[in-house]
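# An overview of the molecular structure
Below are the chains, spelled out letter by letter.
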Amino acid sequence: TCLQGWIRACRAGHGATCPVCRGRLQFNGQRLEEFLQGGGSATLNEEERSFLQDIADGLQGKNRWSDMSALERTAYAGGI
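In this convention, every chain numbers its residues from 1, walking through the sequence in written order. Where local features are concerned, this predicted model is filtered to residues with pLDDT of at least 70; where side-chain atom pairs are given and counted, the filter is 80 or more; whole-chain, interface and lining totals use all residues. The side-chain values count all of the structure's non-hydrogen atoms but skip hydrogen atoms and water molecules.

## Looking at helix 2 (residues 29–37)
All buried positions along helix 2 are accounted for by Gly29, Leu32, Glu33 and Leu36. Buried residues of helix 2 fall within an arc of 100° about the axis and therefore sit on the same side. Projecting away from the buried face of helix 2 at angles above 90 degrees are the exposed residues Gln30 and Arg31. Polar contact is defined as a pair of N or O atoms within 3.5 Å, subject to the rule that within protein one atom must be able to donate a hydrogen and the other to accept it, and that residues adjacent in sequence are counted only when both atoms are side-chain atoms. Helix and strand assignments follow DSSP, with helices taken as H or I runs no shorter than four residues and strands as E runs no shorter than two, numbered in order from the N terminus. The backbone nitrogen of glutamine 30 has a side-chain oxygen 3.1 Å away, supplied by the residue at the start of helix 2, namely asparagine 28. The classification of residues rests on relative accessible area computed with a 1.4 Å probe and restricted to protein chains. Under 20% of the type maximum is buried, over 50% is exposed, and intermediate values are partly exposed. Along the arc lie the directions from the helix axis toward the C-beta atoms.

Have a look at this one:
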């Protein structure tokens, strides 16, 4: 899926962008959580699921700011 490609690019150190507009990526916490809870996430492996869950937790305020990675802080502050 699109998110899996983005995760792989991000972890490889490549600047991942939106496949539609090529702009920066932004996350909607509620939609990301719905994706993770729904059937669309069935193809994610454990590492990919954990990566997205950490971001979703940060966007939902489940993590304290100090517990968030740099990527989560970026997503929390308005997108990557």
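Once you've had a look at it, read on.
## As for the side chain of serine 41
With respect to the helices and strands, serine 41 occurs in the loop between helix 2 and helix 3 (46–59). A distance of 3.1 Å separates a polar side-chain atom of serine 41 from the backbone oxygen of glycine 38. In terms of polar contacts, serine 41 uses its side chain to reach the side chain of arginine 49, at 2.9 Å. The contacts of serine 41, once residues within four sequence positions are left out, are Phe35, Leu36 and Arg49. Whether two residues touch is decided by their heavy atoms; if any such pair falls within 4.5 Å, the residues are in contact.

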